[in-house]
Amino acid sequence: MTNLPDLPPLREVVQRHGLIATKALGQNFLFDEQLLARIAMVPGDLKGQNVLEVGPGPGGLTRALLRRGANVTAIEMDRRCLPALAELAEAFPGQLTVIEGDATKIAPETLFDAPWHVVANLPYNVGTALFVGWLSGPDWPPQWRSLTLMFQQEVAERIIAAPGSDAYGRLAVLAQWRAKPRIAMRVHRSAFTPPPKVMSAIIHVEPAAMPAGVSARMLERVTEAAFGQRRKMLRQSLKGLPGALEALETLGLDPQRRAETLAITDFVAIAGLLSR
């Protein structure tokens, strides 16, 4: 884009507003604008597209998205960051809407009248819960077009994990049964201020075709039961879910197996039978 506003360095903005990352809010600031620009490029062309950003903090990723031409709605619960975000809104007239609030209590569909992308350096303390919520809606395809999210690397590996691996679990099934997640890039802990104790990764997710006749809520119940006691055999972990053991028999699945040995299609098949 041409005629972009000349913005002060992020560190200068943070210092001027006296902002310090707060552990209680899961904050870690990114100042590397080249890295932020790379993250903003992951979803593809965002010019004129709606983008939801959760936890923008002082607005590092926000400015990268605005420079890409996105129309950003940012939800921030840290009141200290609002003046810095207001400066960005002034620099990019009509492109940025800032909402003070808790993203876990705001339904994105109430914010947009057209499909949207989610691009966010999610606060560590709420990231997984928000992600599962976006994946678990009853309506599919969803109203979001893509999710580009930063997680702890361990969580990112769980999202893309294959059956039989140590990282494979409920999160992998919920992420992969009707969507396509991938790790788009990894981010070293030294890129953050303050540096977290762990490495991070950017996950990019696009919706895929949903298997017919399967209730998303039922799949959640099946995976919650199966992986809630992952060291136990399925005959034990699923016995509290009505019809589940019968579904195993119908599908020819050995009840002595453990949850981590089942393919995602197996969980979908179990949920499909229980959804009837």
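Residues numbered from 1 in each chain as written. Predicted model: local features only at pLDDT ≥ 70, side-chain atom pairs only at ≥ 80, totals over all residues. Heavy atoms only, no water.

Let's talk about the overall build of the protein
From N to C terminus, the protein includes 11 helices and nine strands. A compact globule built from 276 residues would reach a C-alpha radius of gyration of about 19 Å, and the protein, at 21 Å, matches this within 12%. The C-alpha extent of the protein, read off along each of the three principal axes, is 65 × 40 × 30 Å. Taken across its 276 residues, the protein has 49% of its residues classed as buried. Contacts in the protein between residues at least 24 apart in sequence constitute 68% of all its contacts with a sequence separation of at least 6. For the protein, the accessible surface area stands at approximately 13,200 Å², while carbon and sulfur atoms represent 50% of it. Distance between charge centres in the protein, computed from 30 positive and 26 negative side chains, equals 6 Å. (Helix = DSSP H or I, 4+ residues; strand = E, 2+ residues; numbered from the N terminus. Rg over C-alpha atoms; globule rule 2.2 N^0.38 Å. Buried < 20%, exposed > 50% of the residue type's maximum accessible area, 1.4 Å probe, protein only. Contact = heavy atoms within 4.5 Å. Areas by Shrake-Rupley, 256 points an atom, 1.4 Å probe, with all protein chains shown as cover. Lys, Arg positive; Asp, Glu negative; His and termini not counted. Charge placed at Lys NZ, Arg CZ, Asp CG, Glu CD.)

Digging into the pattern of salt bridges
Scanning all chains against the criterion turns up nine salt bridges. Its salt-bridge partner being Glu33, residue Arg67 comes within 2.8 Å of it at the nearest N-O pair. Placement of the pair is Arg67 in helix H3 (residues 60–67) and Glu33 in helix H2 (residues 33–41), with a sequence separation of 34 residues. With a relative accessible area of 27%, Glu33 lands in the partly exposed category. We note a salt bridge from Arg217 to Glu220, for which the minimum N-O separation is 3.9 Å. Residue Arg217 and its partner Glu220 are both found in helix H8 (residues 216–228); the two are separated by three residues, about one turn of the helix. One salt-bridge network, in which partners are shared between bridges, spans Glu33, Arg63 and Arg67. (Salt bridge = Lys/Arg side-chain N within 4 Å of Asp/Glu carboxyl O.)

Let's talk about the sheet that holds strand S9 (residues 200–207)
The strand order S4-S3-S2-S5-S6-S9-S7 describes an open sheet built from seven strands, whose pairing is mixed. Each edge of the open sheet is held by one strand with a lone partner, namely strand S4 (96–100) and strand S7 (179–187). Ignoring strand direction, the axes of neighbouring strands in this sheet form an average angle of 20°. Sheet analysis places S7 next to S9, joined by eight bridges and oriented antiparallel. Considered in S9, the bridge of Ile183 is made with Ile203. Sheet strands touched by helix H4 (residues 82–91): strand S3 (71–76) and S4. Its angle to S4, the strand with the most contacts, is close to 160°. (Pairing = 2+ DSSP bridges. Axes fitted to C-alpha atoms, helices over the stretch in contact; angles between N-to-C directions.)

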